[in-house]
Amino acid sequence: MIIIAVQPIDITQIIVAVIAAGGGIFSATIVQLIRRRQQQKVIIKTAASRKIKILIIVISISSLLLIGNLLFFLFRPKTKVEITCPHNEDIVEIREMVRGTSQNIPDGQVIYIVIYPHIVGLYYPQDNLVTMQENGEWSSLASIGVEEDIDKELKFDIVVGLANKEAQDVFNIYFEQEEWSGLKELPKGALIYDHVTVIRE
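### As for the overall build of the chain
Thought 1: Broken down by element type, the chain carries 2 helices and 9 strands.
Thought 2: Scanning the chain from its N terminus toward the C terminus, one meets helices and strands in the order α-β-β-β-β-β-β-β-β-α-β.
Thought 3: Taking as baseline every contact in the chain between residues at least 6 positions apart, the subset at least 24 positions apart corresponds to 74%.
Thought 4: Counting every atom, the chain has about 14,900 Å² of accessible surface; 61% of that belongs to carbon and sulfur.

See the structure below:
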């Protein structure tokens, strides 16, 4: 029977080898974990950086749009409707051609003319169509008072403005009446832009 003697140094070497191997595996695992964490941090930083960049781009675009809208609102051409003829205190006839200029009229709105006799205190809408030109100039024939007003030097206001759909409907109902007895006030949606005071000859 052969007996193999095992020396203590051999066991120690095995233990050392096992510990060394375990230590190596442990070290490798730790290194791997550290690398993964570093990679995750890089990924997180990259994702955060991308989000920040996207947020900056969105804020920049929104700011530019806001500034653009403000500039457009501040510097856009204003709506204007003015009377150029007759002039203030002019002497006019019972049938007078009213002329004027306009710009930037909103869609759905039309120019209207109303005669306001000072002695009566009522508004008399005019049913004659307003002729518009491409350059914004307009004209319309207006009836200023009646025949009996001759030589009385009565004063009338020629009022011009813009009427939206609601105001146009009120004017149209007025025109359908048998007698045009005047309106106590202008309908809602009829805005006054200009007026001149004239005298009937």
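### Observations concerning the layout of surface pockets
Leftover empty space is mapped by rolling, across the atoms, a probe with the size of a water molecule.
Thought 1: Reported here for the largest pocket is a volume of approximately 350 Å³.
Thought 2: Forming the boundary of the largest pocket are 19 residues, of which Val-110, Ile-111, Tyr-112, Asn-128 and Leu-129 lie nearest the centre.
Thought 3: For the lining of the largest pocket, the elements supplying multiple residues, two or more each, are strand S4 (110–117) and helix H2 (165–175).
Thought 4: For the second largest pocket, the calculated volume is near 280 Å³.
Thought 5: For the second largest pocket, the lining is made up of 18 residues, of which Pro-117, Tyr-124, Ser-143, Gly-145 and Val-146 are closest to its centre.
Thought 6: Residue assignment for the lining of the second largest pocket shows that the elements contributing at least two residues are S4 and strand S5 (124–125).
Thought 7: Split into classes, the residues belonging to the lining of the second largest pocket amount to 11 nonpolar, 4 polar and 3 charged.

### Overview of the packing of aromatic side chains
Thought 1: Across all of its chains, the model carries 5 aromatic pairs by this definition.
Thought 2: The structure contains a cluster of three or more aromatic residues connected by ring pairs, namely Tyr-174, Phe-175 and Trp-180.

### A closer look at the nonpolar core
Thought 1: If you look at the biggest cluster of nonpolar residues, it comprises 17 residues, and the most contacted ones within it are Ile-83, Val-98, Trp-138, Ile-144, Ile-158, Val-160 and Val-198.
Thought 2: Among the elements of the structure, strand S1 (80–85), S4, strand S7 (138–143), strand S8 (155–163) and strand S9 (190–200) are those that each provide at least two residues to this core.
Thought 3: The biggest single contributor to this core is S8, with 4 residues.
Thought 4: One finds Val-159, Phe-171, Leu-183 and Ala-190 within the second-largest nonpolar core, a separate group that totals 11 residues.

### Comments concerning the pairing of S8
Thought 1: By the criterion of burial, S8 is predominantly enclosed, with 8 of the 9 residues buried.
Thought 2: With 9 bridges connecting them, S8 and S9 associate as antiparallel partners. Paired with Val-159 across the two strands is His-195, which belongs to S9.

### A closer look at the sheet that holds S8
Thought 1: Taken in spatial order, the 5 strands line up as S2-S9-S8-S4-S5 in an open sheet, and their pairing is mixed. Taken across any chain shown, the strands that pair with only one partner, and hence form the sheet edges, are strand S2 (91–92) and S5.
Thought 2: Two strands pair when backbone bridges link them, and S2 and S9 are joined in this way by 2 bridges, in the parallel orientation. Residue Val-92 lies in a different strand from S9, and its bridge partner there is Arg-200.

### What to know about the side chain of Asp-157
Thought 1: Inspection of the secondary structure puts Asp-157 in strand S8.
Thought 2: Lys-155 provides the closest opposite charge to the buried, salt-bridge-free Asp-157, at an N-O distance of 8.4 Å.
Thought 3: A distance of 2.9 Å separates the side chain of Asp-157 from the side chain of His-118, its partner in a polar contact.
Thought 4: At 2.6 Å, the side chain of Asp-157 and the side chain of Thr-197 are in polar contact.
Thought 5: Not counting the four nearest positions on each side in its chain, Asp-157 is found in contact with Val-114, Ile-115, Tyr-116, His-118, His-195, Val-196 and Thr-197.

Each value, and the rule that gives it
Residues numbered from 1 in each chain as written. Predicted model: local features only at pLDDT ≥ 70, side-chain atom pairs only at ≥ 80, totals over all residues. Heavy atoms only, no water. Helix = DSSP H or I, 4+ residues; strand = E, 2+ residues; numbered from the N terminus. Contact = heavy atoms within 4.5 Å. Areas by Shrake-Rupley, 256 points an atom, 1.4 Å probe, with all protein chains shown as cover. 1 Å grid on protein atoms, 1.4 Å probe; cavity = no way out; pocket = protein on both sides within 12 Å on 5 of 7 lines; lining within 4 Å. Points joined across faces, edges and corners; volume = space filled by probe spheres on them. Nonpolar A, V, L, I, M, F, W, Y, C, P; charged D, E, K, R; others polar. Phe/Tyr/Trp six-rings, centres within 6.5 Å; stacked < 30°, edge-to-face > 60°. Core = buried A, V, L, I, M, F, W, Y, C linked by side-chain atoms within 4.5 Å. Buried < 20%, exposed > 50% of the residue type's maximum accessible area, 1.4 Å probe, protein only. Pairing = 2+ DSSP bridges. Lys, Arg positive; Asp, Glu negative; His and termini not counted. Salt bridge = Lys/Arg side-chain N within 4 Å of Asp/Glu carboxyl O. Polar contact = N/O pair within 3.5 Å; in protein donor to acceptor, adjacent residues only side chain to side chain.

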